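A closer look at the structure
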Amino acid sequence: MITTILISFMQFSIVAPHSLHRHCIATQGTLYPKNIQLVMIDDVTVYYYNSSAEQEAVVPEWLNHPEGIEFWQEVNRNLKFNRFVMDTAVRVTSEHYNHSHDHFYQAHGRCGWKSDGTTEAFMSHAYDGKDFVSFDVSTRTWTAAVSHAVFYKRKRETDLEDLVRLVIHYESGCIRWLKKLLQFSVTFREPKVQVEWLGAEGLPMVDGVSSGEVLPNGDGSYQLRKSLTVPQEAQDTQSYSCLVLHSSVAGNITVTWAPKKNLANVLMAIVIIVSVVLILTVLFKYLVRRRAVGKSQS
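Below you will find a few notes about this structure. For clarity, every value in this text was computed on a predicted model and none was experimentally measured.

Rules used throughout
Residues numbered from 1 in each chain as written. Predicted model: local features only at pLDDT ≥ 70, side-chain atom pairs only at ≥ 80, totals over all residues. Heavy atoms only, no water. Axes fitted to C-alpha atoms, helices over the stretch in contact; angles between N-to-C directions. Helix = DSSP H or I, 4+ residues; strand = E, 2+ residues; numbered from the N terminus. Left-handed = near helix turned anticlockwise from the far one by under 90°. Contact = heavy atoms within 4.5 Å. Nonpolar A, V, L, I, M, F, W, Y, C, P; charged D, E, K, R; others polar. Salt bridge = Lys/Arg side-chain N within 4 Å of Asp/Glu carboxyl O. Buried < 20%, exposed > 50% of the residue type's maximum accessible area, 1.4 Å probe, protein only.

Considerations on the packing of helix α1 (residues 66-97) against helix α2 (residues 150-157)
Relative orientation of the contacting elements α1 and α2 amounts to 140 degrees, with a least axis distance of 10 Å. Along this stretch, α1 crosses α2, giving a crossing that reads as right-handed. For the pair α1 and α2, contact is made by V85, T88, A89, V92, T93 and H96 and by F151, Y152, K155 and R156, respectively. Of the residues that constitute the contact of α1 with α2, the class distribution is five nonpolar, three polar and two charged.

Right under this line is the structure:
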């Protein structure tokens, strides 16, 4: 006779602090493309625009469905407006310095979850690879990194509509983008996680083991259910362990169930939630050549 036993219903959350990055470059002169825009989740590129290609950013295959396309159009409208902001920034800054020929203006914006689950966001700009201004989302203030940047700080501070736009985006919109992209990207991610039930000898069990699919939780983490059904006679004598191996965890996670009497006729299951960190390398020669700017959308 085969029965099932309730071992426990546990949850482990190995949530990596995912973040969304916006890299933007605007130039004057002929040496570089006029505009370059890059949106990344962690180090994975999800949006790339280069004005020299003379076409809009291509919709990735994993967003090529009605809801994904609608979201992509929202992102594209936002970044298209941002090109205008960046073009203005490089123009007025070059005029302020009385510069001509080839110069470039960079912006880096970031939002994401910290390790404690709270969110954070910031933005910074650079001119010709050197810190220029930054925007503190929490205090809603601009800071000039050099004296020559004070004029631009004041220009942005007096534009109240622009200020509201930035605050709304970095307090809520950016995180919403991150959640959406993580949700959609599960269709092409391949979470590398190993979950095994181990018997008394520490060997992986096959008989009685059933596994569900890896499912997203909507916050960048995933869950995987593996259940084990054992014979009734083993309830009071056999110990079992659930072993989880994942690249984001040093070593492993092991949960051991010791036999207890009078626990027959219940489901034995354990739920493991693991976050999946996709690591892809992205070559962005125009940005890396000069400087990795430290913060956001114009």
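A look at the pattern of salt bridges
One pass over the structure, following the stated rule, counts ten salt bridges. E95 is the salt-bridge partner of R91, the closest N and O atoms lying 3.8 Å from each other. Placement of both R91 and E95 in helix α1 is noted, with a separation of four residues, approximately one turn of the helix. Take R91: its relative accessible area is 42%, and that puts it in the partly exposed class. According to the relative accessible area criterion, E95 is exposed, its value standing at 53%. For the salt bridge of D162 with R165, the shortest nitrogen-to-oxygen distance reads 2.6 Å. Here R165 and D162 lie together in helix α3 (residues 160-185), a separation of three residues that amounts to about one turn.

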